[in-house]
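Listed below are the residues making up each chain.
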Amino acid sequence: MSISSLLGSRGCLFTFHRVAPSALWRTLPNRDFYIDLEFFDRLLTYLRRTGWTFVTIDEALRRAGCADSEDRYVNFSVDDGYRDTYELVVPLFRRHGVPITLYVTTGIPDGAIPLWWAGLEETLLRRDRVVVDNHTIDVGTAAAKRRAYGQIERAWSAATNGYEAFCAQNDIDPEALHWRHAISWQMLAECDDPLVEIGFHGAMHSRLSALQRSAALAELRDGRERLMQMIGVEARHFAFPYGRAGFSSAATTRTGIIRRRPDAFQLPRNTLNGGHQNLALIELHLNGFTGAAARVLGRV
Ligand SMILES: [Zn+2]
């Protein structure tokens, strides 16, 4: 008997944000945020070869409710709503005949959320020098670009986000930049396919626990209505942007695997880190070891 059959029925939800072709991935200042497209291709082939079934969140919940002892299933969800979801992710999953869940933050196709992380990264990538707080810094090498991204991101997270001033000082049009990285409503409408499940990830990507109750409910209700209005989708599943209003499930940022009859409103999801291009590490997620380790270390 193999170790994996001893573990019994289990489901594993993976989440990620962006993908990039290998050649681009290597140069990206914030590359942990992206999965290398060629690695993803190999991962999907590997999972199929090793007997995993690919499912939607709907199907994951159904299977978890009537777990058969040998059942092993995996779901992939991509969060927020970037242009590469439309250009690279959905085509990759279609090619493999594998379902994908899109947890959409409606403020992104609405153009209401400044994608400062994408704007900062693209600017660092394209230029040898950038201006930050009126100081010019050299970012001529890939290492310098990565270092600058980390430092600026930390500074903007700790204090006021300086993206607006950064755009002005570096002569960037934030609107044009937004649409080079955001998914549009038109692109989302074109993703319509039985393999594509649309879920919801908040209207403005707000931390719900930091909002007043009425504002939190509005964040959920308004965005969900917007999905219906713009692409005719009634989202049944929700993923917390960080850490219930008519949904059938909610996925968290906690790691782990699904056993029998999980709490549908506290589903664990395992974030794929772009730097971890290693099938052995993926196996740790699939076997629930990363979730167990995180619990021991008190990270959940
Ligand atoms: Zn998100």
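Rules used throughout
Residues numbered from 1 in each chain as written. Predicted model: local features only at pLDDT ≥ 70, side-chain atom pairs only at ≥ 80, totals over all residues. Helix = DSSP H or I, 4+ residues; strand = E, 2+ residues; numbered from the N terminus. Rg over C-alpha atoms; globule rule 2.2 N^0.38 Å. Buried ≥ 20, exposed ≤ 12 C-beta atoms within 10 Å, placed from the backbone. Pairing = 2+ DSSP bridges. Domains from an automatic or database assignment. Contact = placed C-beta atoms within 7 Å. Nonpolar A, V, L, I, M, F, W, Y, C, P; charged D, E, K, R; others polar. Core = buried A, V, L, I, M, F, W, Y, C linked by C-beta atoms within 7 Å. Expected span 1.5 Å × (residues − 1). Arc of directions from axis to C-beta.

Engineer: What exactly am I supposed to notice about the overall build of the protein here?
Structural biologist: Helix and strand counts for the protein stand at 13 helices and 12 strands. The C-alpha atoms of the protein give a radius of gyration of 20 Å, which matches the 19 Å a tight globule of 300 residues would have. Projecting the C-alpha coordinates of the protein onto the three principal axes gives extents of approximately 65 × 40 × 40 Å. Counting the 300 residues in the protein, one finds 36% classified as buried.

Engineer: Is there a simple way to explain the pairing of strand β7 (residues 129-132) in this structure?
Structural biologist: Side-chain positions along a regular strand alternate between the two faces of the sheet. Pairing analysis gives 4 bridges linking β7 to strand β8 (residues 135-138), with the strands arranged antiparallel. Within β8, the residue paired with valine 131 across the bridge is threonine 136. Hairpin connection of β7 to β8: 2 residues between the antiparallel strands, including aspartate 133 at a positive phi of 50°.

Engineer: Looking at this structure, how should I read the domain arrangement of the protein?
Structural biologist: Note on interface size: it is often stated as the accessible area lost on association of the parts. Partitioning the protein into structural domains gives domain 1 (3-111 + 182-296) and domain 2 (116-178). One C-alpha centre belongs to domain 1, the other to domain 2, and the line joining them spans 28 Å. Each partner contributes to the interface: domain 1 provides 6 residues, whereas domain 2 provides 9 residues. Among the residues making up the side of domain 1 that touches domain 2, the classes are represented as 3 nonpolar, 3 polar and no charged.

Engineer: I'm lost on unusual backbone geometry in this one. Help?
Structural biologist: Note: most residues except glycine have negative phi, and most peptide bonds are trans. Although it is not a glycine, aspartate 80 sits at a positive phi angle of roughly 80°. Structurally, the position occupied by aspartate 80 is in strand β5 (residues 72-80). The buried category is assigned to aspartate 80, around which 24 C-beta atoms lie within 10 Å. Positive phi, close to 50°, is recorded for aspartate 133, a residue that is not glycine.

Engineer: Which parts of the structure should I look at to understand the nonpolar core?
Structural biologist: Generally speaking, nonpolar side chains in soluble globular proteins are found buried as a group. The biggest cluster of nonpolar side chains holds 60 residues, and the ones touching the most others in it are Ala60 and Ile100. Broken down by element, this core gets its largest block of residues, 5 residues, from helix α3 (residues 37-49). Residues lining this core come from more than one domain, with at least three contributed by each of domain 1 (3-111 + 182-296) and domain 2 (116-178). For isoleucine 100, the contacting residues outside a window of four places in its chain are Phe76, Val78, Val89, Val90, Phe93, Leu195 and Val196.

Engineer: In this structure, what is going on with helix α11 (residues 213-231)? I would like to understand it.
Structural biologist: Helical geometry: 3.6 residues make up each α-helical turn, so side chains three or four residues apart lie on a common side. Its 19 residues place the ends of α11 27 Å apart at the C-alpha level, agreeing with the 27 Å of an ideal helix rising 1.5 Å per residue. Three or more residues of α11 are buried, namely Glu219, Leu220, Gly223, Arg224 and Leu227. Within α11, the buried residues cover an arc of 105° as seen down the axis, which keeps them to one side. Residues of α11 that are exposed and point over 90 degrees away from its buried face: Arg213, Ser214, Met228 and Gln229. The inward-facing, buried residues of α11 abut β6 (100-104) and β9 (196-200). Count one or two residues on from α11 and you reach glycine 232, which has phi positive near 65°.

Engineer: Whenever I open this one, the environment of alanine 176 confuses me. Can you help?
Structural biologist: Looking at where alanine 176 falls in the secondary structure, it is placed in helix α9 (residues 174-181). When the C-alpha atoms of alanine 176 and glycine 119 are compared, they prove to be 9.8 Å apart, with 57 residues separating the residues in sequence.

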